[in-house]
Amino acid sequence: MIIRKTGIQASPGVAIGPALVLDTEEYRIPRRTITPAERGAQIRALDAALSASRQEIQELISAAALKLGQQSALIFAFHDSVLGDPRLRAEVVEGIERNGYTAAYAFAQAMNSRQRYFLSVTNTYIREKVEDLYDIEKRVLRHMLGRAREEITRLTEPVIVVAHQLTPSQVVSLDKRQIVGLAIDVGGQTSHSVIFARMLGIPAVVALNDFTADVAGGDRVIVDGTHGLVIANPDDETVVDYRQREQQYHKFETSLRALRDLTSETRDGVRVRLMANIELAEETRAAMEAGADGVGLYRTEYLYISSATLPTEEAQYDAIRQAVRHAGGKPVTVRTADFGADKDIPCLAQEPEDNPFLGLRSLRYCLAHLDMFKTQLRAILRCSAEGDLRIMFPMVTTLMELRQAKTVLNDVMEDLDENGIPFRSDVPVGIMVETPAAALLAETFVREVDFVSIGTNDLTQYTLAVDRGNERVAYLYSAHNPAVLQLIRGVARAAETAEVDVNLCGEMAGDPLYCQLLLGLGLRQLSMTPKNIPEIKKIVRSTTLRKCRTIAARTLKFDAERQVVNFLRDEVRKIIPEAV
Ligand code: PEP
Ligand code: MG
């Protein structure tokens, strides 16, 4: 029977193959008590399993660094730190000695309490780390219980991996030549497995609920990662159709690779800078490889999210300097920490608020915690001596806020000057335009900054009064709403008149659907996830500014959003027939 399921698009492309259904490996460990004489042996078994697991992790760190770069290796560094945590071992030993539990049961208990804690926090980044905790637990238990490690590297034919959950270490050990697609029951777009799948270029769909229950090993499965769709047991006609799409996608991908070293310029000679959004300094290298003209948005709050304590000036300096160096002379726009709202930071003292998106977030938080803010500004300014660095303040609402931030920046500059520490005193300073207030007063703001960058992710939510993370109102969240588009156009015009650089760094910048519209609205710089750069470059190189202006003018005349989407989709399909 044909089964179709829709999930979340995790990694684009089409794949067809027999299913390899991975065992969920749910170990059920009985609560068996042991005699005092057996305790020593249980503790030795625990230590042996921990050290064998750490050994494997070290191998994975080297393999990941080699195959996928330092950023991926960092994920396993987290595994290593959990496995080497003396508190974890002490807790398990106490379970064995005090309660007479077996090592396996005491270990599972200790991991369980950590998993529950991670699941209870609201921060998505932390919550998604629970996947790594499951992975660690399985690895150690496998050693304790003597189960052989399943080797999905030793496959003899191409398969679609169907799994309830896929842990990062499983994804890394995948043999890309044999694994052609992934269909996963759980997960979100930002979970590590998905990041890996995207980096590896394997089509993937997640959040499929219970697809593992619908499929048996060997069943034919189609994964359409571009549309977030999976089909089990398709009929021949559907297979033929998807085979064609698969081939088209491969051809398309290969053709994009050829664009890497070509300039991003429209057919009528308008240069469009395609920049990268990064969260970690290491991503700069991949961004440059994808052909980025620089980093348009470095989300520095990730330095705080991934740290148990406030990152020091030195730690921030090292990370930012790394990004500047990898950029090799191209611009790096460093956004000062954008805390709060959906990004709560465990190492900061943040009071719970009823409306965190409208609360003490972002620049407001920094201005209320000057010591921390100045530490970050010192680190950023020091890096300005090392390359083309630019400083950007997020979530600016009023001119007073901007002036206050600039005063703090000047204080830090004076301080560095007095201490003879090098920095660029004329470092460009800009703001993100992500509140309607800043967008409406763009003409005033541009007089006081060197550049602006439109953050449409937030601008959309504040203009439409729609929480960007609430799926119940997701139908109202659209960056192509005429109100948002008019704000974008207004900001672009104000910046052009004042001869101030304007960038757009929200998710819409990397969406092929919006590229021509944004150029038509006056944008000449777009900043996006590095992997989107080649596709956007393709559109830029295939269109003309004249055409883009016509598209923008028509788009602004529609009153129904559906019409806008249909129109833009038709336009982008003329260039990229594979586009959604
Ligand atoms: C934005 O709001 O558009 C943006 C780029 O910032 P973030 O997604 O980090 O809030
Ligand atoms: Mg934002």
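Our structure's up above, just so we're on the same page.
Since the structure is predicted, the reported quantities are computational estimates derived from the model, not experimental observations.

About the thresholds
- Residues numbered from 1 in each chain as written.
- Chains lettered and ligands numbered in written order.
- Predicted model: local features only at pLDDT ≥ 70, side-chain atom pairs only at ≥ 80, totals over all residues.
- Heavy atoms only, no water.
- Helix = DSSP H or I, 4+ residues; strand = E, 2+ residues; numbered from the N terminus.
- Expected span 1.5 Å × (residues − 1).
- Buried < 20%, exposed > 50% of the residue type's maximum accessible area, 1.4 Å probe, protein only.
- Near = heavy atom within 4 Å.
- Polar contact = N/O pair within 3.5 Å; in protein donor to acceptor, adjacent residues only side chain to side chain.
- Nonpolar A, V, L, I, M, F, W, Y, C, P; charged D, E, K, R; others polar.
- Core = buried A, V, L, I, M, F, W, Y, C linked by side-chain atoms within 4.5 Å.
- Donors = N, O, S within 2.8 Å, 3.2 Å for Na, K, Ca; no water.
- Salt bridge = Lys/Arg side-chain N within 4 Å of Asp/Glu carboxyl O.

Undergrad: What am I meant to see in helix α4 (residues 103-120) here?
TA: Two residues of an α-helix separated by three or four positions point the same way, owing to the 3.6 residues in each turn. When the terminal C-alpha atoms of α4 are compared, their 26 Å separation across 18 residues agrees well with the 26 Å that a helix rising 1.5 Å per residue should span. Ala103, Ala104, Tyr105, Ala106, Phe107, Ala108, Ala110, Met111, Arg114, Gln115 and Phe118 are the residues of α4 that are buried.

Undergrad: Would you mind showing me how to read the site of ligand 1 here?
TA: Ligand 1 sits among 14 residues. The nearest are Arg299, Arg335, Gly455, Asn457 and Arg468. At a separation of 2.8 Å, an oxygen atom of ligand 1 approaches a polar side-chain atom of Arg299. In the model, an oxygen atom of ligand 1 is placed 2.8 Å from a nitrogen or oxygen of the Arg335 side chain. Residue assignment for the shell around ligand 1 shows that the elements contributing at least two residues are β10 (295-299) and α19 (456-464). Among the elements that line the shell around ligand 1, the one with the most residues is α19, at 3 residues. Taken together, the residues that form the shell around ligand 1 break down as 3 nonpolar, 4 polar and 7 charged.

Undergrad: Can you help me understand the nonpolar core in this one?
TA: Soluble globular proteins tend to bury their nonpolar side chains together. One finds Tyr298, Phe393, Ile488 and Leu526 to be the most contacted residues of the largest nonpolar core, which totals 105 residues. In terms of nonpolar packing, the next biggest core, distinct from the first, is built from 35 residues, Ile34, Phe76, Phe78 and Phe118 among them.

Undergrad: Sorry, what's going on with the coordination of the magnesium ion (ligand 2) here?
TA: When a metal carries six donors in an octahedron, the ideal angles between them are 90 or 180 degrees, while four donors in a tetrahedron ideally lie at 109.5 degrees. Around the magnesium ion (ligand 2), the protein contributes the donor atoms Glu434 (OE) and Asp458 (OD), at 2.1 to 2.2 Å from the metal centre. Pair noted here: Glu434 is in the loop between β13 (429-433) and α17 (436-440) and Asp458 is in helix α19, with a separation of 24 residues, a long-range link. Taken individually, Glu434 and Asp458 each receive the classification buried, so the pair is uniform in this respect.

Undergrad: Help me understand the pattern of salt bridges in this model?
TA: Tallied over the entire structure, the rule returns 29 salt bridges. Two residues, Glu301 and Arg335, come together in a salt bridge whose shortest N-O distance is 2.6 Å. Of this pair, Glu301 sits in helix α12 (residues 301-305) while Arg335 sits in strand β11 (residues 332-335), placing them 34 residues apart in sequence. A salt bridge links Arg325 to Glu386; the nearest nitrogen and oxygen atoms lie 3.2 Å apart. Note that Arg325 is positioned in helix α13 (residues 313-326) and Glu386 in the loop between α15 (370-384) and β12 (389-393), a separation of 61 residues in sequence. Looking at Glu386, the relative accessible area reads 31%, which means it is partly exposed.

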